[in-house]
Amino acid sequence: MDAGRCIRVEGRAYLGGRLVRVRIGAAGCKTLQLPRGFLILPGMVDIHVHFRDWELAYKETLEGGARAALAGGVVAVGDMPNVKPFIRTAELYRKRLEEGARLPVIYRLHMGVPEDLSELEKARPLSVKVYPEDIETYGWGHVERVMKECARLECAVIFHCEDPAYFSDGERPPEAELRCAERVRALAALTGARVHLAHVTLPQVVEMSRGWASVDVTPHHLLLDSENCRDRGLCLVNPRLRTPETRKSLLAALAAGLVDIYATDHAPHAAHEKRSESPPPGVCSIEIALSLLLRMWKAGVLALEDAVRLYSYRPARFLRVDADPLSGVFTIVRLEEFRVQGNDFIGACKLTPFEGMLAFGRVVATAVGGRVYFRDGEIYELASASRAA
Ligand code: DOR
């Protein structure tokens, strides 16, 4: 390998629950000695992103989404099927996976609810995503059949859990989330399906999920609420931001170790859409999600071990990826405080309700697939032979 383009990284890493010195990469390569103040972490894994593309490429593309992920220290993503056309067939599922396989991040895809259940057998997806719109369109009976089929095929069923029967006049009250979770709990018992509840906002739902579902929470439901986030377009998201009391209880549930996964639901929309009279729901955060989590560590809300469990180990298991630094999958952060600036974002989406918020730990580089991607655009090859020293 050309020593000019290949790199070996030496420094402090958080590995297996401890701070250790590591050397990643082979001898003969240019060596990057990380001084104190830098930390190597396992690669972050985000199970919930919207990379859009296809007919929604004006919002974001697979390429742009992947670059944004790398800028945020994320090495693997679980992309959502609500693109245009919606991914509900084995053919579209495979087509998208082929495109995703060419990206510099590890790409996984959650399949949309198919009208014809035989598509599940053909696609053999890792997981199926159920939206409130699916419940509305196909009914709970169809959802139950999807769960049964997924129990047989061993795919997980991910719920955006809000029962549309409780929506009224454009409002989506917390009750819709609670009632949906109760209903899905009964269906999980009936069908034996492996259930994951996405972007849970209510501490009661986190509590009641024990034993039958895993749950994730987003940075926006943990840090933003109906009081501290008031911009009509930027703060609009589904499920909605809740009251400060609910948000703080959710944060307490996270601190108590009751949450399985931290995931962004990174949902790019065009600036003109977010600034329009009827803005679409969604928040962009993949580039700063790790730094927001590390800020929670710095503030004493959780331990570093929790941060790594929530945004790396546990989601890596969910998506079945290897996020171990010694196998060349890692992120390097500079341990400093900074304020979020959407203009610094590399992806297409630069409008974020986190603008100006304090964050900690700037991502300097992310390594995956034998390459190290530095924030300044430099890319180096990573030869094998790594060890903890
Ligand atoms: O706020 C949201 N935006 N919630 C969703 O469920 C979908 C997402 C999107 O695709 O924009």
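Residues numbered from 1 in each chain as written. Predicted model: local features only at pLDDT ≥ 70, side-chain atom pairs only at ≥ 80, totals over all residues. Heavy atoms only, no water.

1. Let's talk about the overall build of the protein
Of the regular secondary structure elements, the protein holds 11 helices and 18 strands. The 389 residues of the protein split such that 60% are buried. When contacts within the protein are restricted to residue pairs at least 6 apart in sequence, long-range pairs at least 24 apart make up 71% of them. As presented, the protein carries roughly 15400 Å² of accessible surface, and 49% of it is formed by carbon and sulfur atoms. Between the centroid of the 51 positive side chains of the protein and the centroid of its 50 negative side chains there is a distance of 5 Å. (Helix = DSSP H or I, 4+ residues; strand = E, 2+ residues; numbered from the N terminus. Buried < 20%, exposed > 50% of the residue type's maximum accessible area, 1.4 Å probe, protein only. Contact = heavy atoms within 4.5 Å. Areas by Shrake-Rupley, 256 points an atom, 1.4 Å probe, with all protein chains shown as cover. Lys, Arg positive; Asp, Glu negative; His and termini not counted. Charge placed at Lys NZ, Arg CZ, Asp CG, Glu CD.)

2. Some details on the pattern of salt bridges
Counted under the stated rule, the structure contains 26 salt bridges. One salt bridge in this structure joins Asp79 and Arg96, with 2.7 Å as the shortest N-O distance. Of the two residues, Asp79 sits in strand S6 (residues 74–79) while Arg96 sits in helix H2 (residues 90–100), which places them 17 residues apart along the sequence. (Salt bridge = Lys/Arg side-chain N within 4 Å of Asp/Glu carboxyl O.)

3. Observations concerning the side chain of His142
Tracing the backbone through its elements, the reader meets His142 in helix H4 (residues 132–153). Classification of His142 by relative accessible area gives buried; the value is 7%. Contact partners of His142, with chain neighbours within four places excluded, come to Val113, Pro114, Glu115 and Leu117.

4. Digging into the packing of helix H10 (residues 289–298) against helix H11 (residues 304–319)
Packing of H10 against H11 brings their axes to within 9 Å, and their N-to-C directions diverge by 150 degrees. Here H11 runs roughly antiparallel to H10, going by the angle between their axes. In this structure, H10 crosses over H11, and the sense of that crossing is right-handed. Seen from H10, the contacting residues are Ala289, Leu290, Leu293, Leu294 and Trp297; seen from H11, they are Leu304, Ala307 and Tyr311. (Axes fitted to C-alpha atoms, helices over the stretch in contact; angles between N-to-C directions. Parallel < 35°, antiparallel > 145°, perpendicular 65-115°, else oblique. Left-handed = near helix turned anticlockwise from the far one by under 90°.)

5. Comments concerning the site of the ligand
All residues adjacent to the ligand are His50, Arg52, Asn82, Tyr131, His160, Val237, Asn238, Asp265, Ala267, His269, Pro281 and Gly282. Here an oxygen atom of the ligand and a side-chain polar atom of Asn82 are 2.8 Å apart. Here an oxygen atom of the ligand sits 3.3 Å away from a polar atom, N or O, in the main chain of Gly282. Protein coverage of the free-state accessible area of the ligand, which is 290 Å², stands at 92%. Its residues placed into classes, the shell around the ligand shows four nonpolar, six polar and two charged. (Near = heavy atom within 4 Å. Polar contact = N/O pair within 3.5 Å; in protein donor to acceptor, adjacent residues only side chain to side chain. Nonpolar A, V, L, I, M, F, W, Y, C, P; charged D, E, K, R; others polar.)

6. Observations regarding the sheet that holds strand S9 (residues 127–130)
Read from one edge to the other, the open sheet built from six strands follows the order S8-S9-S10-S11-S12-S13, with strand pairing classed as parallel. Whereas interior strands pair on both sides, the edge strands pair on one side only; in this sheet they are strand S8 (111–112) and strand S13 (261–262). As defined by bridge partners, S9 adjoins strand S10 (residues 156–159) across four bridges and the pair is classed as parallel. Across the sheet, residue Val130 finds its bridge partner in S10, namely Phe159. (Pairing = 2+ DSSP bridges.)

7. Side note on the packing of aromatic side chains
Across all of its chains, the model carries four aromatic pairs by this definition. The interplanar angle of 90 degrees and the centroid separation of 6.2 Å between the aromatic rings of Phe86 and Tyr131 together place this pair among those described as edge-to-face. Highlighted residues: Phe86 in the loop between S6 and H2 and Tyr131 in the loop between S9 and H4, separated in sequence by 45 residues. Taking the relative accessible area as the measure of exposure, Tyr131 reaches 8% and is therefore buried. The interplanar angle of 70 degrees and the centroid separation of 6.1 Å between the aromatic rings of Trp297 and Phe360 together place this pair among those described as edge-to-face. Note that Trp297 is positioned in helix H10 and Phe360 in strand S15 (residues 358–368), a separation of 63 residues in sequence. Residue classification places Phe360 among the buried positions, given a relative accessible area of 7%. The ring of Tyr380 is capped by Arg5, whose NZ or CZ atom sits 4.6 Å from the centre of that ring. One Lys or Arg, Lys298, reaches over the ring of Trp297 and ends 5.3 Å from the middle of that ring. (Phe/Tyr/Trp six-rings, centres within 6.5 Å; stacked < 30°, edge-to-face > 60°. Lys NZ or Arg CZ within 6 Å of the ring centre and 35° of its normal.)

8. Concerning the sheet that holds S6
In space, the three strands of this open sheet follow the order S5-S6-S7, with parallel pairing throughout. Every interior strand has two partners, whereas the edge strands, strand S5 (44–49) and strand S7 (106–109), have only one. The mean inter-strand angle of the sheet, taken between neighbouring strand axes irrespective of direction, is 20 degrees. As paired elements, S6 and S7 share four bridges and run parallel to each other. Among the inter-strand pairings, Ala76 is bridged to a residue of S7, identified as Ile106.

9. Observations regarding unusual backbone geometry
Going from Lys84 to Pro85, the amide bond is cis rather than trans, its omega being 0 degrees. The topology assignment puts Pro85 in the loop between S6 and H2. If you check the backbone angles, Glu154 has positive phi at about 65 degrees while not being a glycine. Position of Glu154 relative to the elements: it lies in the loop between H4 and S10. A residue is classified by how much of its surface remains accessible, and Glu154, at 63% relative accessible area, is exposed.

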